[in-house]
Amino acid sequence: MSVEAKPDTKASRRATPPPGSEGTLMRRTGDWARRGPLLPALVFMIIVTQLPFVVTIVVSFMDWNAYYPDERGFAGIDNFRRVLTDANTRHAIWVTVVLTAGVVLLSLVFGLLIALLLDRKFRGRGAVRTMMITPFLVVPVAAALLWKHALYNPTYGLFNGVLKWLFGDNAPQPDWISNQPLWSIIFALVWQWTPFMMLILLAGLQSRPLDVIEAAGIDGANQWEIFRYMTLPHLRQYLELSALLGSIYVVQNFDAVFTITSGGLGTANLPYTIYQTFYTAHDYGRASAAGVIVVIGTIAIATLALRSVSTLFREETGR
Amino acid sequence: MSGQVTIVTGKKSRGGGFFLGGLAWIVGILFVLPVVWMLLTSFHTEEDAAKNPPDLGAPLTLAGYKSFFDTGPWPSIANSLTASILSTVLVILLAFPAAYALSIRPVKKWTDVLFFFLSTKMLPVVAGLLPIYLFAQSVGFLDNIWLLIILYTSMNLPIAVWMLRSFLSEVPVEILEAASVDGANLIRTLRSVVAPIVTPGIASAALICFIFSWNELLFARVLTGTVAQTAPVFLTGFVTSQGLFLAKVCAASIVVSLPVLIAGFAAQDKLVQGLSLGAVK
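Residues numbered from 1 in each chain as written. Chains lettered and ligands numbered in written order. Predicted model: local features only at pLDDT ≥ 70, side-chain atom pairs only at ≥ 80, totals over all residues.

Looking at the overall build of chain B
Turning to step 1, where the next piece is worked out: Along chain B, the regular secondary structure elements total 13 helices and 0 strands.
Turning to step 2, where the next piece is worked out: From first element to last, N terminus to C terminus, chain B shows the α and β order α-α-α-α-α-α-α-α-α-α-α-α-α.
Turning to step 3, where the next piece is worked out: What you see for chain B is a C-alpha radius of gyration of 24 Å, clearly larger than the 19 Å of a compact globule of 281 residues, by over 25%.
Turning to step 4, where the next piece is worked out: For the C-alpha atoms alone, the extent of chain B along its principal axes is close to 75 × 70 × 35 Å.
Turning to step 5, where the next piece is worked out: Buried positions account for 48% of the 281 residues belonging to chain B.
Turning to step 6, where the next piece is worked out: Pairs at least 24 residues apart make up 79% of the contacts formed inside chain B by residues separated by at least 6 positions. (Helix = DSSP H or I, 4+ residues; strand = E, 2+ residues; numbered from the N terminus. Rg over C-alpha atoms; globule rule 2.2 N^0.38 Å. Buried ≥ 20, exposed ≤ 12 C-beta atoms within 10 Å, placed from the backbone. Contact = placed C-beta atoms within 7 Å.)

Side note on the overall build of chain A
Turning to step 1, where the next piece is worked out: Counting secondary structure elements, chain A contains 15 helices and 2 strands.
Turning to step 2, where the next piece is worked out: Look at the contacts in chain A between residues 6 or more apart in sequence, and 72% of them connect residues 24 or more apart.

Side note on the domain arrangement of chain B
How big an interface is tends to be stated in terms of accessible area lost as the parts join.
Residue and element names in this part refer to chain B.
Turning to step 1, where the next piece is worked out: With domains assigned, chain B is organised as domain 1 (12–66) and domain 2 (72–275).
Turning to step 2, where the next piece is worked out: A separation of 32 Å is found between the C-alpha centroids of domain 1 and domain 2.
Turning to step 3, where the next piece is worked out: If you look at the interface, domain 1 gives 13 residues, while domain 2 gives 8 residues.
Turning to step 4, where the next piece is worked out: When contributions to the side of domain 1 that touches domain 2 are tallied by element, the ones reaching two or more residues are helix H1 (12–42), helix H2 (46–49) and helix H3 (63–70).
Turning to step 5, where the next piece is worked out: The greatest single-element share of the side of domain 1 that touches domain 2, amounting to 4 residues, is contributed by H1.
Turning to step 6, where the next piece is worked out: Counted by class, the side of domain 1 that touches domain 2 contains 6 nonpolar, 5 polar and 2 charged residues. (Domains from an automatic or database assignment. Nonpolar A, V, L, I, M, F, W, Y, C, P; charged D, E, K, R; others polar.)

Section: the interface of chain A and chain B
Turning to step 1, where the next piece is worked out: Listed as interface residues are 95 residues of chain A and, on the opposing side, 96 residues of chain B.
Turning to step 2, where the next piece is worked out: When residues of the side of chain A that touches chain B are assigned to their parent elements, the largest contribution, 13 residues, is made by helix H15 (residues 284–317) of chain A.
Turning to step 3, where the next piece is worked out: A breakdown of the residues in the side of chain A that touches chain B according to their chemical character gives 63 nonpolar, 20 polar and 12 charged.

Some remarks on the UniProt feature "transmembrane region" (unreviewed entry) in chain A
All names here are of chain A.
Turning to step 1, where the next piece is worked out: Listed under "transmembrane region" (unreviewed entry) in the UniProt record, and renumbered for this structure, are residues 38–62, 92–118, 130–147, 182–205, 238–264 and 284–306.
Turning to step 2, where the next piece is worked out: Between the end C-alpha atoms of residues 38–62 there is a gap of 36 Å, over a span that is 88% helix and 4% strand.
Turning to step 3, where the next piece is worked out: Secondary structure content for residues 238–264 is 70% helix and 0% strand, and the end C-alpha separation is 36 Å. (UniProt positions renumbered as here; feature names shortened; annotations may be inferred.)

So, the environment of Leu118 of chain B
Turning to step 1, where the next piece is worked out: Looking at the secondary structure, you find Leu118 of chain B in helix H5 (residues 110–122).
Turning to step 2, where the next piece is worked out: Distance from Leu118 of chain B to Val161 of chain B, taken between C-alpha atoms, is 9.0 Å for residues 43 residues apart in sequence.

Remarks on the UniProt feature "transmembrane region" (unreviewed entry) in chain B
Residue and element names in this part refer to chain B.
Turning to step 1, where the next piece is worked out: Per the UniProt record, the feature "transmembrane region" (unreviewed entry) sits at residues 18–40, 81–102, 114–133, 145–164, 193–214 and 245–267.
Turning to step 2, where the next piece is worked out: The span residues 81–102 shows a helical share of 95% and a strand share of 0%, and its end C-alpha atoms are spaced 31 Å apart.
Turning to step 3, where the next piece is worked out: With 91% helix and 0% strand, the stretch residues 245–267 has end C-alpha atoms that lie 33 Å from each other.

Concerning the domain arrangement of chain A
Turning to step 1, where the next piece is worked out: The domains assigned to chain A are domain 1 (21–50) and domain 2 (82–317).
Turning to step 2, where the next piece is worked out: Here domain 1 of chain A and domain 2 of chain A have C-alpha centroids that lie 39 Å from each other.

A short note on the nonpolar core
Turning to step 1, where the next piece is worked out: In terms of nonpolar packing, the biggest core is built from 167 residues, with Leu199 and Ile200 of chain A together with Ala95, Leu148, Ala160, Val161 and Leu164 of chain B touching the most fellow members.
Turning to step 2, where the next piece is worked out: Examining the composition of this core, we find that 17 residues originate from one element, helix H7 (residues 145–168) of chain B, more than from any other.
Turning to step 3, where the next piece is worked out: The residues touching Leu148 of chain B, leaving out its near neighbours within four places in the chain, are Ala83, Phe219, Ala220, Leu223, Thr224 and Ala228 of chain B. (Core = buried A, V, L, I, M, F, W, Y, C linked by C-beta atoms within 7 Å.)

What to know about unusual backbone geometry
Turning to step 1, where the next piece is worked out: Located in the positive-phi region is Leu265 of chain A, a residue other than glycine, with phi close to 55°.
Turning to step 2, where the next piece is worked out: Within the fold, Leu265 of chain A resides in the loop between helix H13 (255–260) and helix H14 (270–279).
Turning to step 3, where the next piece is worked out: With 16 C-beta atoms packed within 10 Å, Leu265 of chain A lands in the partly exposed category.
Turning to step 4, where the next piece is worked out: A positive phi angle is found at Asp143 of chain B, which is not glycine, with a value near 55°.
Turning to step 5, where the next piece is worked out: Within the fold, Asp143 of chain B resides in the loop between helix H6 (125–138) and H7.

What to know about the confidence of the model for chain B
Residues and elements named next belong to chain B.
Turning to step 1, where the next piece is worked out: For chain B, per-residue confidence averages 85 on the pLDDT scale, and residues scoring 70 or more make up 91% of the total.
Turning to step 2, where the next piece is worked out: Mean pLDDT across the elements of chain B ranges from a minimum in helix H8 (residues 173–180), with 75, to a maximum in helix H4 (residues 74–101), with 94.
Turning to step 3, where the next piece is worked out: Segment residues 1–13: pLDDT under 50, and 26 contacts once partners within four positions in sequence are set aside and those in other chains are kept.
Turning to step 4, where the next piece is worked out: Listed scores for the predicted complex are pTM 0.85 and ipTM 0.87. (pLDDT = per-residue confidence, 0-100.)

Some words on the confidence of the model for chain A
Turning to step 1, where the next piece is worked out: Here chain A averages 82 in pLDDT, while 86% of its residues score no lower than 70.
Turning to step 2, where the next piece is worked out: Across residues 1–22 of chain A the pLDDT falls below 50, and counting only partners more than four positions away or on other chains, this stretch makes 34 contacts in the model.

Side note on the environment of His282 of chain A
All names here are of chain A.
Turning to step 1, where the next piece is worked out: Checked against the element boundaries, His282 lands in the loop between H14 and H15.
Turning to step 2, where the next piece is worked out: The partly exposed category is assigned to His282, around which 14 C-beta atoms lie within 10 Å.
Turning to step 3, where the next piece is worked out: Counting along the chain gives 215 residues from His282 to Tyr67, while the straight-line C-alpha distance between them is 6.8 Å.
Turning to step 4, where the next piece is worked out: Other than its neighbours up to four places away in sequence, His282 contacts Asn65, Ala66 and Tyr67.

A few points about the packing of H4 of chain B against H7 of chain B
All names here are of chain B.
Turning to step 1, where the next piece is worked out: At a minimum axis distance of 6 Å, the contact between H4 and H7 shows a crossing angle of 40°. Overall, the two elements H4 and H7 adopt an arrangement that is oblique. At the point where H4 passes H7, the crossing takes the right-handed sense.
Turning to step 2, where the next piece is worked out: Of the residues contributing to the contact of H4 with H7, the split by class is 20 nonpolar, 5 polar and 1 charged. (Axes fitted to C-alpha atoms, helices over the stretch in contact; angles between N-to-C directions. Parallel < 35°, antiparallel > 145°, perpendicular 65-115°, else oblique. Left-handed = near helix turned anticlockwise from the far one by under 90°.)

Have a look at this one:
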């Protein structure tokens, strides 16, 4: 799962033992002295995150349902076949893709536009920035409850309340969640993730070399040209970083799906489906097979994403 | 970061400046509005909270908060505090030496190690949930706050390693080496050169780790019961009641979000550093 990244020259220079410590024994003890501080964290991570996954792979090839303990045994690729041919799982894969892509793309676009607005000087800029990050600081479960009950609810939610204010008693009173279950979840999440994208992109905007941009302005480049040819290329790595980090969190989303629709109305994503297979149906073999499939999919996407994000950190470490 | 001065580029933007400033205000208000609405509703009676169209001028009351606290949320809030604070301390204790071994005196292939840490964040937690559940069940470790502390530590350790490494790599190694020749200088260098660079990094990492642990739902929901239940699990559990409950839910959401809101507002710049894994300073 590791991705090759070229170590920068400064670090490789440091990694070679200093002159005077010749001899393999000396070098070996030196290596271990370097590794020592790393080992507790590394061993901890391998035991807590990698070992369970190995067990998941083993269980994925087993017939194991907690309701039928006598039938435990080797199942071959049966679980994988059942998972991949199951219409519910296929739908869950689709929901996961739509949910992740929808939330990440929409929050990136909104985040970029708002970051551009906030990159300017205006009265009360600090206050607006504080207001903008508030959604991200609401506990995700609380945010999901807020959207479900205080905003979307057809009889006393704010959205339908506003419609009544605007259009009187005959105003339409749609049942938002039943009509558009997946979009209801996506919008609640976009509200929470736009501030996240905005914060990283705003930091990117503020690290632009302003003298170069001013020079371009003096040379007659207009606002759009400056944005297209100078700001956007500079922001690219920040866009990639925020998209990668956002995807890592949104693809695993459980809180919003669990709270807003309980996976009903065709909104169950993979994390929720696996949770249900294991927690409600107690089909351990099948839940594990689904887990393995999710991991394979994530590795494929993450390897691509890591490659691009590693350039950002290489530049940073190369300073 | 917020202190950084931004120069308005070009002359044309001054004309539209007023308009764009106003637009920024409108967008900011739209984003904060649901939270303001939640706050206002939490101070209304259940009858007023359920009115449609809403009654903005309804008398304010603490009844929603009272009925929330009557359901006994304190044990779950205490559990959340325990799990979040202890796992954050553990994360920093493990991450700091690791970050040192990845920056100041780097091991060979340190970039591979760094990306191994990040890659564990990409393993969906659901994929490891079942073995952890079965293990905890077999050794009688279910519904135990220490199980959550260990899992939250593993969840946040990669983030902290990345962040702290990013900060430690700014420490000028040459000065450290020169100072280490005589001991008196070393302590002074640590205090005057290293501490100012590293302390903000530790603060950012701790803030982010605390927030993510406090927010976590899936592990807590599956692995805890009545004893070690955390605040988010408590929140999901009490909406099942019959009758009107909107003011109570809003009050509960405000109370549970309060620690994160306070910490996040107090340290906005640390938030950016933490969220970007230290890539943005």
